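Summary of the model geometry
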Amino acid sequence: MSASSRRTSSVIASMAAATLALALAACQTPTSRPGGNQPAYPASHKASRGDAVRLLRSADSLPAPARDQQRLQAAAILYELGEKETAKEAIVKIIPEQLDNTLYASYAQVYGSLLADSDDFFEALDLATSPRLKNVWVELPQTTALPLRNLRADLWGLLGNLDSAITERREISYLAQSDEAITQNNDGFWQLLTQLPSSELQERANSSSDTQMRGWYQLALLGRDTQTDISSQLTALSRWRERWPAHSANTHPPQALQLLERLAAQRADSIALLLPLSGSLGSAGRAIRDGFMAAHYTALNAGAATPRVLIYNTGTEQPFEEVYQSAVDAGAQVIIGPLDKSKVANLLATEKLPVPTLALNYSDRGRLTDDLVQFGLAVEDEARQIAQHAFRQGHRQAMMLTTDSNWGQRGAEAFQEEWQRLGGSVSISKTVSNNSKFSNLVSDALLISASKARKKELQGRLAAPLEFTPRRRDDVDMIFVAALPQQARQLNPMLTYYYAGDLPVYATSHVFGGSINPNRDRDLNGVRFTALPWLFENNLTKREIAQQADPAPAFARLYALGADAFRLYPRLPMLRQFPQQKVHGLTGALSLSPDGRIVREQMWARIEKGVPEPITTVEPLSMPRPQVTGNSEAF
């Protein structure tokens, strides 16, 4: 299971563990209510499998709706105990139309959680947002409404509908009363809002008429703009608290903010950058160094206490081990680097490193100890993210169009592995190059020539002209693209030309060149891609980089990597202690896997009129367009 999939399951599981007891309580209605003859357990009694079995056995002899009410209670117990298949067997026997509104809400929450655990996210969301629930919220007890609204918020967040998830979190804020429930909701607010670009947060902070939300947007903007240094963030947080003394996030701060003071006390006084500043990787190393130092100087200019930075060139003939030891001997308490993949492998082969080290590339394996974390711009992260997102969107049959470069083939392998692990299938895979005949490649992949051959054969039999509309293959419902911009600009129009314009195209960030040019990129219209937040950010660090270096688009991601390395290394203890937390940087939302690898989750964007736009709402599934019109025959 991938790290992202583990997080998805963990979100649902942790939410369910915190709220399912409330659902159980909602199922235990007073005996004065119709059908309320199921046992009410003492507060000290923890429901067991035996209790669930007894409820199911006795349910068969009860009339409706008591029968379904008891099955629901048994299903909730079984779900809490982790017996999800048995819980589903119990709950599918329920006739929901016979449940009153309160029990139906509990049914939607328990069954919705079961569906989400099976990756049936849209079916779960359809149930949790049933029209029947629209006008009954006011009559639902808090113990019933709260867990269902939590499920809705989590599902919308997982499916990328940030706006609906944020709205749901606002509704939860009116319901949550216990300290635990309020803190849980505020953690959810923080996770959602810090996914929005700074420009979007600023616009919402300026325009929102909801006082509480205006405070949230300003707090999330603080998290975005001042992550370059923890002490700067603490200063800004202190000012925010003075301005918003009664805000929910002040009285019940998100976990990420609670850790700031402890992290500031653990800050290193001296760090070392070990990067290739010459040789074949010199240009990449210098871009990362400049991005790192831009973040460093942004913090310094803000008056933050910044560490001393020692810089070492690993692009010389000197053995890497000697360079590393020199940095340690000079007093470095943290090492950032190396970049070279083989040197990262050397670190992994070392039994114990003398100081914490943040490598800027990935080796073929991780490390379970705390002394080494690997961080880079792996295309594999993007490919797996696309597979997970497309699968959640309901797609199951993929076409793969990937460049013949090393990174393209690694992306293809990662996508296919994750896609098939989830349960999807790959119907066709094609490799493209700059010399490809794109018309022929797309036509062959979509089996257009086979359609034309069938038409020719039938026309020969009938000896009469036919009105003909070619038919593309019908075993594809999404397209994965890992290609360079000049390749994608030729692929996308060909897909439309050959009757595949209804198929959603999901691409890695490489599909967009990095500079806005509507005339050039209009051929990419409709393409969804995983975008580095760098593309939409305008914070101090990015402005510093733009002013000092004006990096070419091809190098922008390396500057972003360097800047994120500066903001990431002091927050690694937070990511270890709270695996669900993320550091939102210029390269993506960064989380830490158990084996010490940073996993990046990028933003979603879509090309509209030749310009990339961030996606903050869930997109409806595309309906296949008709392949036959009038009296023509499709082949």
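Small disclaimer: the values here were computed from a predicted structure and weren't measured. Each chain has its residues counted from 1, following the order in which its sequence is written. Note on the predicted model: pLDDT of at least 70 is required for a residue's local features to be given, and 80 or more for side-chain atom pairs to be given and counted; whole-chain, interface and lining totals, by contrast, use all residues. As a rule here, side-chain values come from all non-hydrogen atoms in the structure, and water together with hydrogens is ignored.

1. With respect to the overall build of the protein chain
Summing up its helical and strand segments, the protein chain has 27 helices and 17 strands in all. The cut-offs for exposure are 20% and 50% of the maximum accessible area for each residue type, with area from a 1.4 Å probe on protein chains only; residues under the lower value are buried, those over the upper are exposed, and the others partly exposed. Within the span of the protein chain, comprising 635 residues, buried residues form 55% of the whole. Contacts between residues were defined by any pair of non-hydrogen atoms, one from each residue, lying within 4.5 Å. Put simply, 68% of the contacts in the protein chain that link residues at least 6 apart link residues at least 24 apart. For the protein chain, the computed accessible surface area is about 26,600 Å², with 49% contributed by carbon and sulfur atoms. By the criteria applied, helices consist of DSSP H or I runs no shorter than four residues and strands consist of E runs no shorter than two, each listed in order from the N terminus. The protein chains shown are the only cover counted for residues, whose accessible areas, like all others here, come from Shrake-Rupley with a 1.4 Å probe.

2. Focus on the packing of aromatic side chains
Working definition: rings of Phe, Tyr and Trp (its six-membered ring) pair if their centres are within 6.5 Å, and the pair is stacked with planes under 30 degrees apart, edge-to-face with planes over 60 apart, and tilted otherwise. For the coordinates displayed, the defined rule picks out 13 aromatic pairs. Relative to Y569, the ring of F566 lies with its centre 6.2 Å away and its plane at 75°, an arrangement referred to as edge-to-face. Accessibility expressed as a relative area gives 8% for Y569, which makes it buried. These aromatic residues form a ring-pair network of at least three members: F391, F415, W419 and F480. The criterion is that NZ of a Lys, or CZ of an Arg, lies within 6 Å of the ring centre and within 35 degrees of the ring normal, and then a charge sits over that ring. The aromatic ring of Y506 is capped on one face by R528, whose charged end is 5.6 Å from the ring centroid. Across the ring face of W534, the terminal group of K542 is positioned such that the distance to the ring centre comes to 5.1 Å.

3. Looking at the sheet that holds strand 3 (residues 334-336)
What makes two strands pair is DSSP finding at least two bridges between them. Spatial ordering of the open sheet is given by 2-1-3-4-5, a layout of five strands whose pairing is parallel. Whereas interior strands pair on both sides, the edge strands pair on one side only; in this sheet they are strand 2 (308-313) and strand 5 (372-374). Here the strands of the sheet are splayed against their neighbours by 20° on average, with no regard to which way each runs. Inspection of the sheet shows strand 1 (residues 270-275) paired to strand 3 by three bridges, in the parallel sense. Comment: axis = line fitted to C-alpha atoms, over the contacting stretch for helices; angle = value between 0 and 180 degrees taken between N-to-C directions.

4. Some remarks on the side chain of S130
Within the fold, S130 resides in the loop between helix 6 (121-128) and helix 7 (142-158). Side chain to side chain, S130 and Y104 meet in a polar contact 3.2 Å long. Definition of a polar contact: a pair of N or O atoms within 3.5 Å, with one able to donate and the other able to accept a hydrogen when the atoms are protein atoms, and with sequence-neighbouring residues admitted only if both atoms are side-chain atoms.

5. A look at unusual backbone geometry
Omega for the peptide link from A64 to P65 comes to 5°, which places this bond in the cis form. Locating P65 in the fold gives a position in the loop between helix 2 (49-59) and helix 3 (66-80). Of note, the bond from G337 into P338 is cis; its omega dihedral lies within 30 degrees of zero at 10°. Despite not being glycine, K609 has its phi angle at roughly 55°, a positive value.

6. Some points on the sheet that holds strand 15 (residues 603-608)
Remark on secondary structure: sheet strands pair via backbone hydrogen bonds, oriented parallel or antiparallel. The mixed open sheet is built from seven strands, whose spatial order is 7-6-9-10-11-15-16. Looking at strand neighbours, the two that pair on one side only are strand 7 (425-432) and strand 16 (611-614), the edges of this open sheet. Ignoring strand direction, the axes of neighbouring strands in this sheet form an average angle of 25°. Each of strand 9 (478-482), strand 10 (505-507), strand 11 (528-531) and strand 15 touches helix 19 (residues 379-392); the most contacted strand, strand 10, lies at about 155° to it. Lying on the sheet, helix 23 (residues 485-497) is in contact with strand 6 (397-403), strand 7, strand 9 and strand 10; it crosses strand 6 at an angle near 145°.

7. What about helix 19?
Given the number of residues in a helix, its expected span is that number minus one, multiplied by 1.5 Å. Over its 14 residues, helix 19 runs 20 Å from end to end, which matches the ideal 20 Å to within 8%, given 1.5 Å per residue. Burial within helix 19 is extensive, with 13 of its 14 residues counted as buried.

8. Concerning the pattern of salt bridges
Think of a salt bridge as a Lys or Arg side-chain nitrogen and an Asp or Glu carboxyl oxygen that are within 4 Å of each other. One pass over the full model with this rule turns up 25 salt bridges. In this structure, R204 engages E200 in a salt bridge whose closest nitrogen and oxygen atoms are separated by 2.8 Å. One end of the pair is R204 and the other is E200, both in helix 10 (residues 198-207) and four residues apart, which spans about a single turn. You can call R204 buried: its relative accessible area is 14%. On the basis of relative accessible area, E200 is assigned to the partly exposed category, the value being 22%.

9. A word on the nonpolar core
Buried Ala, Val, Leu, Ile, Met, Phe, Trp, Tyr and Cys residues that are joined via side-chain atoms within 4.5 Å together make up what is termed a nonpolar core. Counting residues in each nonpolar core, the largest one holds 116 residues, and the members touching the most others are L358 and I598. The residues touching I598, leaving out its near neighbours within four places in the chain, are Y362, V373, Q374, F375, D381, L568, L572, L575, L590, S591 and L592. With 32 residues, the next largest nonpolar core counts L491, L495, V505 and A531 among its residues.

10. Describing the packing of helix 7 against helix 8 (residues 162-175)
The geometry of helix 7 relative to helix 8 is characterised by a closest axis approach of 8 Å and an angle of 160° between their N-to-C directions. Considering their axes alone, helix 7 and helix 8 lie roughly antiparallel with respect to each other. Crossing hand, helix 7 versus helix 8: left-handed. Within the contact between the two elements, helix 7 uses Q142, A145, L146, R149, N150, R152, A153, D154, W156 and G157 and helix 8 uses S164, A165, E168, R169, E171, I172 and L175. Should an angle lie under 35 degrees it is considered roughly parallel, over 145 roughly antiparallel, and from 65 to 115 roughly perpendicular; all remaining angles are considered oblique. For any helix crossing, the convention is left-handed if the near helix is rotated counterclockwise from the far helix by under a right angle, and right-handed if that rotation is clockwise.

11. Some details on the side chain of N150
Mapped onto the fold, N150 is located in helix 7. On the accessibility criterion, N150 (2% relative accessible area) is buried. Within the structure, the side chain of N150 is placed 2.9 Å from the side chain of R169, a separation counted as a polar contact.

12. Details of the confidence of the model for the protein chain
Confidence of the predictor in every single residue is expressed as pLDDT, which spans 0 to 100. Of all residues in the protein chain, 86% have pLDDT values of 70 or greater, and the mean over the chain is 85. Put simply, strand 17 (residues 633-634) is where the protein chain has its lowest mean pLDDT, 35, and strand 10 is where it has its highest, 98. Across residues 620-635, where pLDDT falls below 50, the model places 38 contacts with residues more than four positions away in sequence or in other chains.

13. Describing the environment of K437
Relative to the assigned elements, K437 resides in the loop between strand 7 and helix 21 (438-445). C-alpha of K437 to C-alpha of Q490: the two residues are 53 residues apart in sequence and 9.6 Å apart in space.

14. Brief notes about the pairing of strand 7
With seven bridges connecting them, strand 6 and strand 7 associate as parallel partners. The partner of M399 across the bridge, within strand 7, is I428. With its strands directed away from the observer, a crossover is right-handed exactly when the path from the first strand over the helix to the second travels clockwise. Taken together, strand 6, helix 20 (residues 406-422) and strand 7 form a β-α-β motif whose crossover is right-handed.

15. Describing the pairing of strand 15
Bridge count between strand 11 and strand 15: four bridges; the pairing is antiparallel. Paired with A531 across the strands is M603, a residue of strand 15. Examined bridge by bridge, strand 15 and strand 16 share four bridges and lie antiparallel to one another. Bridge pairing in strand 16 links I607 to P612. Where strand 15 folds back onto strand 16 in an antiparallel hairpin, the turn is made up of two residues, including K609, whose phi is positive at roughly 55°.

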